[in-house]
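A look at the structure
Now for the letters of each chain:
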Amino acid sequence: MLWIKALHLIFITSWFAGLFYLPRIYVNMAMETNTQAYARLLLMAQKLYRFMQPLSILALAFGIWLWLGYGFTGGWLHAKLLLVFFLLGYHHYCGKLLKQFAAHSNQRSHVWFRWFNEIPIILLFAIVVLVVVKPF
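Structure report, in brief. Since the model is a prediction, treat every value here as computed from it, not as a measurement.

A separate point is the overall build of the protein chain. Along the protein chain, the regular secondary structure elements total five helices and zero strands. For the protein chain, the succession of helices and strands along the chain, N to C, is α-α-α-α-α. Along the first, second and third principal axes, the C-alpha set of the protein chain runs to 50 × 25 × 15 Å. Among the 136 residues that make up the protein chain, the fraction classed as buried is 36%.

See below:
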């Protein structure tokens, strides 16, 4: 089970790296006026999102494997799974935003994306505290 836990952590870390960086690209895209630079940022965002998809699936798969191995006990785990559900929603909403950027229909400012970029940090903080401290 230690290998499964290690792989779970590796894929979570990799997935979060994408969740931190993709909205940062959106900040730059929301400010960009040069069409060539915008196209380059869009390509970067599309490739990153496509790369994040299997990372999220693998993180979830190894998490489920751990859950089956250790069982579903403790209120902390229920809270963690709720936060993971929100994280998945955030991930998919990033995909929706990417489609808006590709269609040149984004209506949000770079300031909004700067705040949007903070959400995965808050979720990561809460999830790590729940897993390590197990407060309930």
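Additional details are given in the paragraphs that follow.
Of the voids in this model, the largest pocket is the one considered here, and its volume is about 840 Å³. Along its surface, the largest pocket is lined by 30 residues, and His8, Leu66, Leu77, Lys80 and Val131 are the ones closest to its centre. Residue assignment for the lining of the largest pocket shows that the elements contributing at least two residues are helix 1 (2–31), helix 2 (35–70), helix 3 (75–102) and helix 5 (119–133). Broken down by class, the residue content of the lining of the largest pocket amounts to 21 nonpolar, six polar and three charged.

On to a nonpolar patch on the surface. A cluster of nonpolar side chains, contributed by Phe125, Val128, Val129, Val131, Val132 and Val133, occupies part of the molecular surface with about 530 Å² of accessible area. Positionally, valine 131 belongs in helix 5.

So, on to the nonpolar core. In terms of nonpolar packing, the biggest core is built from 37 residues, with Leu22, Tyr26 and Met29 touching the most fellow members. Looking at this core, the elements that each hand over two or more residues are helix 1, helix 2, helix 3, helix 4 (110–116) and helix 5. Apart from the residues within four sequence positions on either side, leucine 22 is in contact with Ala45, Leu48, Tyr49, Met52 and Cys94.

The residue histidine 8 is located in helix 1 in this model. On the accessibility criterion, histidine 8 (10% relative accessible area) is buried.

The phi angle at histidine 104 is positive, at roughly 55°, despite the residue not being glycine. Locating histidine 104 in the fold gives a position in the loop between helix 3 and helix 4. Looking at histidine 104, the relative accessible area reads 58%, which means it is exposed. Backbone geometry at lysine 134 places phi at a positive 50°, although glycine is not the residue there. Along the polypeptide, lysine 134 turns up in the segment after helix 5. Given the relative accessible area of 43%, lysine 134 is considered partly exposed.

With that settled, the discussion passes to the side chain of histidine 91. Mapped onto the elements of the fold, histidine 91 is located in helix 3. If we ignore the near neighbours within four places in the chain, the residues touching histidine 91 are Trp15, Leu19, Tyr49, Met52, Gln53 and Ser56.

The rules we used
- Residues numbered from 1 in each chain as written.
- Predicted model: local features only at pLDDT ≥ 70, side-chain atom pairs only at ≥ 80, totals over all residues.
- Heavy atoms only, no water.
- Helix = DSSP H or I, 4+ residues; strand = E, 2+ residues; numbered from the N terminus.
- Buried < 20%, exposed > 50% of the residue type's maximum accessible area, 1.4 Å probe, protein only.
- 1 Å grid on protein atoms, 1.4 Å probe; cavity = no way out; pocket = protein on both sides within 12 Å on 5 of 7 lines; lining within 4 Å.
- Points joined across faces, edges and corners; volume = space filled by probe spheres on them.
- Nonpolar A, V, L, I, M, F, W, Y, C, P; charged D, E, K, R; others polar.
- Patch = residues over 30% accessible without salt bridge, like charges linked within 9 Å, V, L, I, M, F, W, Y side chains within 5 Å.
- Areas by Shrake-Rupley, 256 points an atom, 1.4 Å probe, with all protein chains shown as cover.
- Salt bridge = Lys/Arg side-chain N within 4 Å of Asp/Glu carboxyl O.
- Core = buried A, V, L, I, M, F, W, Y, C linked by side-chain atoms within 4.5 Å.
- Contact = heavy atoms within 4.5 Å.

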